[in-house]
Amino acid sequence: MRILVVEDDAAISDAVCSALERAGHAVDHLASSQAALSALHDHAFTLVVLDLGLPDGDGGELVRRLRAAHDGVPVLVITAREDVDQRVRTLDLGADDYLVKPFSLAEFDARVRALLRRQSNQGVPVLQLGALELDLAGRRVLRDGQALDLTAREFGLLEVLASRVNRVTSREHVIEALCTWNEALTDNGLDIAIHRLRRKLAGHGVNLRTVRGLGYLLEAGDGT
Ligand code: CA
């Protein structure tokens with residue numbers, strides 16, 4: 001999933017970005033409220049990790065402006081402020097969850113997973129796809145308890161398509177979800193990843209179709 005981290009403290013943003021990358025996400029990092037607003041206007045993110053004390057303003061104001069623009073992207077606030085009123089205000093403005101610094105990266109990872117589960121409307125940590133189980137927390141795919149050999153990119157691709165199972169996902173949406181500003185995904189790279197993933201899913205009750213001119217369709221029964 002593509003995640004935007006808005007944090008001006010280099011040590012914290014390094015730790016948070018590394019944790020998200022280790023979990024297999026595409027991560028972009030910005031250090032100001034203005035830059036974040038324009039990035040959120042131009043690109044689709046699955047989640048925003050937001051510091052409240054930014055050099056050019058309050059992260060709460062950013063949340064308010066996002067919600068005023070009907071942007072429902074989940075926002076996880078990370079804040080050094082121990083002030084309860086501030087946290088209440090930010091949640092009331094439309095933030096989805098918060099963590100008070102310093103926090104453990106294990107808890108951070110778990111909160112990100114919980115928000116992403118809610119976002120994909122599945123709410124469950126393990127998704128049944130045909131004969132396969134997609135373990136979102138462990139970032140692996142199992143068939144009868146045996147893990148399939150998928151690369152991080154193939155898993156990321158499957159995760160994006162699985163969040164829209166039995167519905168067409170546009171090529172643009174897939175590229176937007178998987179690439180970052182530093183690491184592009186070329187058309188050719190996407191074709192190769194789709195081809196490899198399709199081969200690995202074959203025989204497991206999951207069908208990855210290309211719908212010409214529209215995008216991709218992941219078809220799967222519920223495994224019963
Ligand atoms: Ca800060």
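Residues numbered from 1 in each chain as written. Predicted model: local features only at pLDDT ≥ 70, side-chain atom pairs only at ≥ 80, totals over all residues. Heavy atoms only, no water.

S.K.: In this structure, what is going on with the overall build of the protein? I would like to understand it.
M.R.: Within the protein one finds eight helices and 14 strands. Whereas a compact globule of 224 residues would reach a radius of gyration of roughly 17 Å, the protein reaches 18 Å, a difference of no more than 12%. Along the first, second and third principal axes, the C-alpha set of the protein runs to 55 × 35 × 30 Å. Expressed as a percentage of its 224 residues, the buried residues of the protein come to 46%. Carbon and sulfur atoms make up 49% of the accessible area of the protein, which totals about 10900 Å². Averaging the positions of the 26 positive and the 33 negative side-chain charges in the protein gives two centres separated by 6 Å. (Helix = DSSP H or I, 4+ residues; strand = E, 2+ residues; numbered from the N terminus. Rg over C-alpha atoms; globule rule 2.2 N^0.38 Å. Buried < 20%, exposed > 50% of the residue type's maximum accessible area, 1.4 Å probe, protein only. Areas by Shrake-Rupley, 256 points an atom, 1.4 Å probe, with all protein chains shown as cover. Lys, Arg positive; Asp, Glu negative; His and termini not counted. Charge placed at Lys NZ, Arg CZ, Asp CG, Glu CD.)

S.K.: What should I look at first to understand the coordination of the calcium ion in this one?
M.R.: The textbook angles at a metal center are 109.5 degrees for a tetrahedron of four donors and 90 or 180 degrees for an octahedron of six. Summarising the metal site, the calcium ion is bound by the protein donors Asp8 (OD), Asp51 (OD) and Gly53 (O), whose distances to it range over 2.2 to 2.4 Å. The motif formed by the donor residues of the calcium ion, counted along the single chain, is D-x42-D-x1-G. With relative accessibility at 4%, the residue aspartate 51 sits in the buried group. (Donors = N, O, S within 2.8 Å, 3.2 Å for Na, K, Ca; no water.)

S.K.: When you look at the pattern of salt bridges in this model, what are you seeing that I'm missing?
M.R.: Two side chains bearing opposite charge may form a pair once their charged atoms approach each other closely. Going through the model one piece at a time under the given rule, you end up with 16 salt bridges. Aspartate 58 is the salt-bridge partner of arginine 89, the closest N and O atoms lying 2.6 Å from each other. Taken together, the positions of arginine 89 in helix H4 (residues 84-92) and aspartate 58 in strand S5 (residues 57-58) put the pair 31 residues apart, joining distant regions of the chain. Aspartate 58 gets classed as partly exposed once you look at its relative accessible area, which sits at 23%. Between aspartate 191 and arginine 171 there is a salt bridge whose closest N-O contact spans 3.1 Å. One end of the pair, aspartate 191, is in helix H8 (residues 187-201); the other, arginine 171, is in helix H7 (residues 171-178), with 20 residues separating them in the sequence. The exposure class assigned to aspartate 191 is partly exposed, which follows from its relative accessible area of 39%. Each of Arg2, Asp28 and Glu176 takes part in one network of salt bridges that share partners. (Salt bridge = Lys/Arg side-chain N within 4 Å of Asp/Glu carboxyl O.)

S.K.: What is the right way to look at the side chain of threonine 46 in this model?
M.R.: Along the chain, threonine 46 turns up in the loop between helix H2 (33-42) and strand S3 (47-51). Once residues within four sequence positions are removed from consideration, threonine 46 is found in contact with Met1, Arg2, Val73, Pro74, Leu116 and Gln119. (Contact = heavy atoms within 4.5 Å.)

S.K.: For this particular structure, what's the right way to read the domain arrangement of the protein?
M.R.: Note on interface size: it is often stated as the accessible area lost on association of the parts. The domains assigned to the protein are domain 1 (2-121) and domain 2 (126-220). If you average the C-alpha positions of domain 1 and of domain 2, the two centres end up 26 Å apart. Taken together, the 16 residues of domain 1 in the interface contact 10 residues of domain 2. Interface of domain 1 and domain 2: buried area, both sides summed, is about 1100 Å²; carbon and sulfur atoms make up 55% of it. Residue arginine 2 pairs with glutamate 176 through a salt bridge whose shortest N-O separation is 2.7 Å. (Domains from an automatic or database assignment. Buried area = accessible area lost by both parts, 1.4 Å probe.)

S.K.: What am I meant to see in a negative patch on the surface here?
M.R.: A surface patch of like charges, here negative, comprises Asp8, Asp9, Asp14 and Asp56. Of note, aspartate 14 is situated in helix H1 (residues 10-22). (Patch = residues over 30% accessible without salt bridge, like charges linked within 9 Å, V, L, I, M, F, W, Y side chains within 5 Å.)

S.K.: Any chance you could explain unusual backbone geometry here in plain terms?
M.R.: Leaving glycine aside, a negative phi is the common case for residues, and trans is the common case for peptide bonds. Omega for the bond connecting lysine 101 with proline 102 falls within 30 degrees of zero, at -5°, which places this linkage in the cis form. Here proline 102 is to be found in the loop between strand S7 (97-100) and helix H5 (105-119). Positive phi values are uncommon outside glycine, yet asparagine 166 reaches one of about 65°. Assignment of secondary structure puts asparagine 166 in the loop between helix H6 (152-162) and strand S12 (168-169). Using a relative accessible area of 47% as the deciding quantity, one classes asparagine 166 as partly exposed.

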